[in-house]
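# Summary of structural features
The lines below spell out each chain.
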Amino acid sequence: MSDVSADQTADGQNAPVRFRSVLERFVAYKPGKVVVSPEGRSFKLSSNESPHGPLPSVQEAVERAARDVNRYPDNNATALIEAISAKYGVPAAHVAVGCGSVGVTQMLLAAVAEPGAEIVYAWRSFEAYPLLVGLSGATSVQVPLREEAHDLDAMAEAINENTRLVFVCNPNNPTGTVVRRAELEAFLDRVPADCLVVLDEAYREYVRDEEVPDGLTLYRDRPNVVVLRTFSKAYGLAGLRIGFVVGHPKVAEAIRKTYLPFSVNSIAQAAGVASLAATGELMDRVEGTVKERERVRDALLAAGWTVPTTEANFVWLRLGERTMEFSAACDARGVSVRPFPGEGARVSIGSPEENDEFIAVAEAFPHRN
């Protein structure tokens, strides 16, 4: 056996392993952190997770599926796709699934992106967009938010012959702001037919503004529009990683070709089917989160904060240079939030107890915004 290490040549020099040049400027995705106060308290409000565990019926489905983990999952996710089809009233041929909405986003980019292609999205928006676009070989075209919301006119103007895909995150992560029907339809009318528009609706279940369209009502007569959803948020299955996209058959077929085999595991598929069957119970939980969202925002407004109206399960605080100071103040109380240095902090809506702890920190923090 050679005594030369894997990263050295025989003369002791570093081996000339060649990696993609994009990795030299690539910063890996950082998940929401967990912090613990000196008193041992920990309140994780950094990842937009549901504060609730799985329903009993979903837990039972998970336990049953766990007995067969020696077998590969159904690579076609037949039962899950049929359940999605029945729940949302769309043909099964219009559905493709993947490993969370991030996994499906990567599948979408694999289907359309290549060197020279451009991908347009608002910024700041979902932080995985620039990472996944960079890995795809395409070029990001970031269009600044206007008053914390998508500037669809500017996004339409940014589209050119190289644009392959446009993301519209609705509600937007991390600001919680929304695009309403009239402006969205006007935007879609301006997008060339050969450019894919992804309506990223990860937080759709939390929307209460009746002017915000359900993307599934828009895609049917627009072959270049697809709708992206997830089981990670309202359905509370973040740990199992299930996402799906709905689009016209040719688009869905192209996306399915990029699917990493067996990446939606058998336990996730079973949990997804059971969750769709328990939608009524789950939506009761969602309604509780919506009420807590309004309570948290009202408390922040009463304390003098400026907080955009949010239709998601989080609130956004524009803090600028004080962002990390605020995050540290939260950390000291065992409350983890999602800071974006120099910009602001996103705070998930948790249980009433978790929310009370966050409100106490926010009320005590010296702010003028």
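Please refer to the structure placed before this passage.
To keep things clear, this report deals only with the structure shown in the data block. (Residues numbered from 1 in each chain as written. Predicted model: local features only at pLDDT ≥ 70, side-chain atom pairs only at ≥ 80, totals over all residues. Heavy atoms only, no water.)

### So, helix α11 (residues 352-364)
The first and last C-alpha atoms of α11 sit 18 Å apart over 13 residues, in line with the 18 Å expected at 1.5 Å per residue. Considered for burial, the residues of α11 that qualify are Glu 354, Asn 355, Glu 357, Phe 358, Ile 359, Val 361 and Ala 362. In this fold, the buried residues of α11 make contact with β1 (43-44), α9 (279-302), β9 (314-318), α10 (323-332), β10 (335-336) and β12 (344-348). (Helix = DSSP H or I, 4+ residues; strand = E, 2+ residues; numbered from the N terminus. Expected span 1.5 Å × (residues − 1). Buried < 20%, exposed > 50% of the residue type's maximum accessible area, 1.4 Å probe, protein only. Contact = heavy atoms within 4.5 Å.)

### Observations concerning the sheet that holds β12
Taken together, the three strands give an open sheet; going across it, the order is β9-β12-β11, and neighbouring strands pair in antiparallel fashion. A single partner strand is all that each edge strand has here, and the edge strands are β9 and β11 (338-340). The mean angle between the axes of side-by-side strands here comes to 15 degrees, regardless of whether they run parallel or antiparallel. Strand direction decides the pairing type here: β9 and β12, joined by five bridges, are antiparallel. Its bridge partner lying in β12, Phe 314 is registered against Ser 348. Strands in contact with α10 are β9, β11 and β12; relative to β11, the strand with the most contacts, it is inclined by about 165 degrees. (Pairing = 2+ DSSP bridges. Axes fitted to C-alpha atoms, helices over the stretch in contact; angles between N-to-C directions.)

### Here's the deal with the nonpolar core
Core analysis: the biggest nonpolar cluster contains 80 residues, and Ile 84, Val 97, Met 155, Val 168, Phe 187 and Phe 231 have the highest contact counts within it. Dropping the residues within four chain positions of it, Met 155 is found in contact with Val 120, Tyr 121, Ala 122, Val 143, His 150, Val 166, Phe 167, Val 168 and Phe 187. (Core = buried A, V, L, I, M, F, W, Y, C linked by side-chain atoms within 4.5 Å.)

### Quick look at the pattern of salt bridges
Considering all chains together, one arrives at 19 salt bridges under this definition. Two residues, Glu 343 and Arg 124, come together in a salt bridge whose shortest N-O distance is 2.8 Å. Linking Glu 343 in the loop between β11 and β12 with Arg 124 in the loop between β3 (118-123) and α4 (128-136), this pair joins segments that are 219 residues apart in sequence. In this structure, Arg 295 engages Asp 356 in a salt bridge whose closest nitrogen and oxygen atoms are separated by 2.9 Å. Placement of the pair is Arg 295 in helix α9 and Asp 356 in helix α11, with a sequence separation of 61 residues. Exposure remark for Arg 295: the relative accessible area of 32% places this residue in the partly exposed category. (Salt bridge = Lys/Arg side-chain N within 4 Å of Asp/Glu carboxyl O.)

### Topic: α4
Because an α-helix completes one turn every 3.6 residues, residues spaced three or four positions apart along the sequence face the same direction. For α4, the complete set of buried residues consists of Ala 128, Tyr 129, Leu 131, Leu 132, Val 133 and Gly 134. In this structure, the buried residues of α4 make contact with α3 (100-112), β3, β4 (139-144), β5 (163-169) and β6 (196-200). Positive phi appears at Gly 137, one or two residues downstream of α4, with a value of about 95 degrees.

### Notes on unusual backbone geometry
In this chain, Asn 170 is followed by Pro 171 through a cis amide linkage whose omega measures 0 degrees. When you line up the elements, Pro 171 lands in the loop between β5 and α6 (181-190). Cis geometry marks the peptide bond from Asn 173 to Pro 174; its omega dihedral reads 25 degrees. Within the fold, Pro 174 resides in the loop between β5 and α6. Not every positive phi belongs to a glycine, and Glu 148 is a case in point at roughly 70 degrees.

### Regarding the side chain of Thr 177
For Thr 177, the position within the fold is in the loop between β5 and α6. Side chain to side chain, Thr 177 and Thr 175 meet in a polar contact 2.9 Å long. With residues up to four places along the chain from it excluded, the contact list for Thr 177 reads Glu 148, Ala 149, Asn 170, Pro 171, Asn 172, Pro 308 and Thr 309. (Polar contact = N/O pair within 3.5 Å; in protein donor to acceptor, adjacent residues only side chain to side chain.)

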